[in-house]
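Analysis of the macromolecular model
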Amino acid sequence: MSADRQYRVGVVGATGAVGSTILEVLAERRFPASEVIPLASSRSAGSKVPFGNGELEVRELSEESIQGLDLALSSAGGKVSAEWAPKLVEAGAVVVDNTSYWRMHDDVPLVVAQVNDDAVEGHNGIVANPNCTTMQLMVALKPILDAAGLERLIVSTYQSVSGTGRNAIEELREQSQAILKGKEIEPRVYPHQVAFNVLPQVETFKEGDDYTTEERKVMAETRKILGLSEAVGISATCARVPVITGHSESVNVQTETDLSPEECRELLSNSPGLVVLDDPAKAIYPLAIAAAGRDEVLVGRIRRDPSHERCLNLWVVGDNLRKGAATNAVQVAELLHERGLVRVPEGAAPVA
Ligand SMILES: NC(=O)c1ccc[n+]([C@@H]2O[C@H](COP(=O)([O-])OP(=O)(O)OC[C@H]3O[C@@H](n4cnc5c(N)ncnc54)[C@H](OP(=O)(O)O)[C@@H]3O)[C@@H](O)[C@H]2O)c1
């Protein structure tokens, strides 16, 4: 790491599923913070959140509480980021944003650490973290893209409820218990019962679109991060499953040049941030419960698609709260630190 600089770091949305994980990861990785300030809405102001071996008091996100921050790691929803990221930048903080709001803006880099690190250069005060589903996919795809090129990508996801936040975790727990006891349930977070069910809907359908906003994000963000032209076909279907943490993805990838399953296994085994678990005859493959709590993305079931000689099938699993959000946000903060980029460029003015 560069210089001995220490930063005042604000964690916006610190009481949430992602924010609380950011606090965990900042402490685990000993990010050079002189102070960590948890911020949330007035609802949680004054409450305590765990940090390292102790606790920190949550402050309300306000014009006053954001003064003097060098960095803000933000995960309080798109509306909050739309309003507050420009204010944070104006107050002098570089924002690493976990929401979807800034991701597709032309002047906002969308960064997966160890995949497209150089994109942080030239930021205008905001760096966006991709969607959790896209994030783990990028870690697995980048080595394949570099080795054999990409012609087409088909992704089907099986996403955990923590991807929706703390209320959804609560909903799955409550529904599971109620159903086992034969009680009635009333869905609140999702449009249908999520316990003991699979929902072919993640997020919402915008009027006139038969793909969900999550599916659109996976397709658009993948293209932006990997710099893929429109000639590369991408298709995503996202489903919600009753798992607490860990998104699973069935990935069908068509390469430009030959890549055998053996070569792919070898390639991914030597790539950063990935662990290959692939001995299916011994029931060894990635599991959501094995990925939960880990920073690496797990890959397995690597096999030839029998319908196409340059297509491979893979099973990719990651912890949506860690690499999918918090770990990557902290890794991006580390990158900014290493490259001397924890500074708001002169005249930076993010446009909402
Ligand atoms: N969950 C994931 O796997 C994941 C992955 C990548 C990205 N994301 C994105 O990260 C964001 C947060 O997700 P989450 O899952 O952590 O949600 P969550 O568990 O519902 O937490 C939401 C957080 O935002 C805070 N908040 C809400 N309204 C606020 C306001 N007006 N001012 C200040 N703080 C406010 C909440 O604070 P209070 O306690 O005060 O309500 C809470 O800390 C979303 O944009 C989501 O799309 C989530």
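See the structure printed just above.
Since this is a predicted model, take the numbers as computed values, not measurements.

Time to look at the overall build of the protein chain. Counting secondary structure elements, the protein chain contains 8 helices and 14 strands. Relative to the compact-globule value of 20 Å for 352 residues, the protein chain shows a C-alpha radius of gyration of 20 Å, a close match. If you line up the protein chain on its principal axes, its C-alpha atoms span 60 × 55 × 45 Å. In the protein chain, buried positions account for 51% of the 352 residues. Summarising the internal contacts of the protein chain: among those between residues at least 6 apart in sequence, 68% fall at separations of at least 24. Of the roughly 15,700 Å² that the protein chain leaves accessible, carbon and sulfur atoms contribute 48%. On the protein chain, the mean spot of the 34 positive side-chain charges and the mean spot of the 49 negative ones are 3 Å from each other.

In this fold, Glu 221 is placed in helix H5 (residues 213-226). A relative accessible area of 2% places Glu 221 in the buried class. A polar contact of 2.8 Å, which involves the side chain of Glu 221, links it to the backbone nitrogen of Asn 131. If we skip the residues at most four places from it in the chain, Glu 221 touches Arg 103, Met 104, Leu 110, Pro 130, Asn 131 and Thr 134.

With that settled, the discussion passes to the nonpolar core. Ranked by internal contacts, the top residues of the largest apolar core, which has 55 residues, are Leu 88, Leu 226 and Leu 314. Considering each element in turn, this core owes the most residues, 9 residues, to helix H3 (residues 132-148). Setting aside residues no more than four positions away along its own chain, Leu 226 makes contact with Val 115, Met 138, Leu 141, Lys 142, Leu 145 and Leu 150. Membership of the second largest hydrophobic core comes to 29 residues, among which are Tyr 7, Val 36, Ala 329 and Val 342.

Below, the discussion takes up unusual backbone geometry. Look at Gln 114: it is not a glycine, yet its phi comes out positive at around 75°. Mapped onto the fold, Gln 114 is located in the loop between strand S7 (94-97) and strand S8 (126-128). One non-glycine residue with positive phi stands out, namely Glu 203, at about 75°. Position of Glu 203 relative to the elements: it lies in the loop between helix H4 (166-180) and H5. Among the residues examined, Glu 203 registers a relative accessible area of 37% and is labelled partly exposed.

Okay, helix H8 (residues 322-338) next. The end-to-end C-alpha separation of H8 is 21 Å, well short of the 24 Å expected for 17 residues at 1.5 Å each. When the local axis directions of H8 are compared, the greatest deviation, roughly 40°, occurs at Asn 328.

On to the sheet that holds strand S11 (residues 247-255), then. One open sheet holds the 6 strands; their spatial order is S10-S9-S11-S14-S13-S12, and the pairing between them is mixed. Looking at which strands have only one partner, the edges of the open sheet turn out to be strand S10 (233-240) and strand S12 (274-276). Strand-to-strand, the axes of this sheet are offset by a mean angle of 20°, without reference to chain direction.

A few words now on the pattern of salt bridges. Going through the model one piece at a time under the given rule, you end up with 22 salt bridges. Glu 151 is the partner of Arg 310 in a salt bridge, and the nearest nitrogen-oxygen pair spans 2.9 Å. With Arg 310 in the loop between strand S13 (297-304) and strand S14 (311-318) and Glu 151 in strand S9 (residues 150-159), this pair connects stretches of sequence that are 159 residues apart. The residue Glu 230 makes a salt bridge to Arg 223 at a minimum N-O spacing of 3.7 Å. Look at Glu 230 and you get exposed, because its relative accessible area is 67%. Each of Glu 24, Glu 28, Asp 295 and Arg 322 takes part in one network of salt bridges that share partners.

Below, the discussion takes up the packing of H3 against helix H6 (residues 261-269). When two helices pack together, their arrangement is given by the angle between the helix axes and by the axis-to-axis distance. Orientation of H3 relative to H6, taken along the N-to-C sense of each, is 120°, at an axis distance of 10 Å. Comparing the axis directions of H3 and H6 gives the class oblique. In the crossing of H3 with H6, the sense of the turn from one axis to the other is right-handed. Facing H3, whose interface residues are Ala 140, Pro 143, Ile 144 and Ala 147, H6 presents Cys 264, Leu 267 and Leu 268. Residues of the contact of H3 with H6, tallied by class, amount to 7 nonpolar, no polar and no charged.

Cut-off values and rules
- Residues numbered from 1 in each chain as written.
- Predicted model: local features only at pLDDT ≥ 70, side-chain atom pairs only at ≥ 80, totals over all residues.
- Heavy atoms only, no water.
- Helix = DSSP H or I, 4+ residues; strand = E, 2+ residues; numbered from the N terminus.
- Rg over C-alpha atoms; globule rule 2.2 N^0.38 Å.
- Buried < 20%, exposed > 50% of the residue type's maximum accessible area, 1.4 Å probe, protein only.
- Contact = heavy atoms within 4.5 Å.
- Areas by Shrake-Rupley, 256 points an atom, 1.4 Å probe, with all protein chains shown as cover.
- Lys, Arg positive; Asp, Glu negative; His and termini not counted.
- Charge placed at Lys NZ, Arg CZ, Asp CG, Glu CD.
- Polar contact = N/O pair within 3.5 Å; in protein donor to acceptor, adjacent residues only side chain to side chain.
- Core = buried A, V, L, I, M, F, W, Y, C linked by side-chain atoms within 4.5 Å.
- Expected span 1.5 Å × (residues − 1).
- Bend = angle between axes of the 7 residues up to and from the residue.
- Pairing = 2+ DSSP bridges.
- Axes fitted to C-alpha atoms, helices over the stretch in contact; angles between N-to-C directions.
- Salt bridge = Lys/Arg side-chain N within 4 Å of Asp/Glu carboxyl O.
- Parallel < 35°, antiparallel > 145°, perpendicular 65-115°, else oblique.
- Left-handed = near helix turned anticlockwise from the far one by under 90°.
- Nonpolar A, V, L, I, M, F, W, Y, C, P; charged D, E, K, R; others polar.

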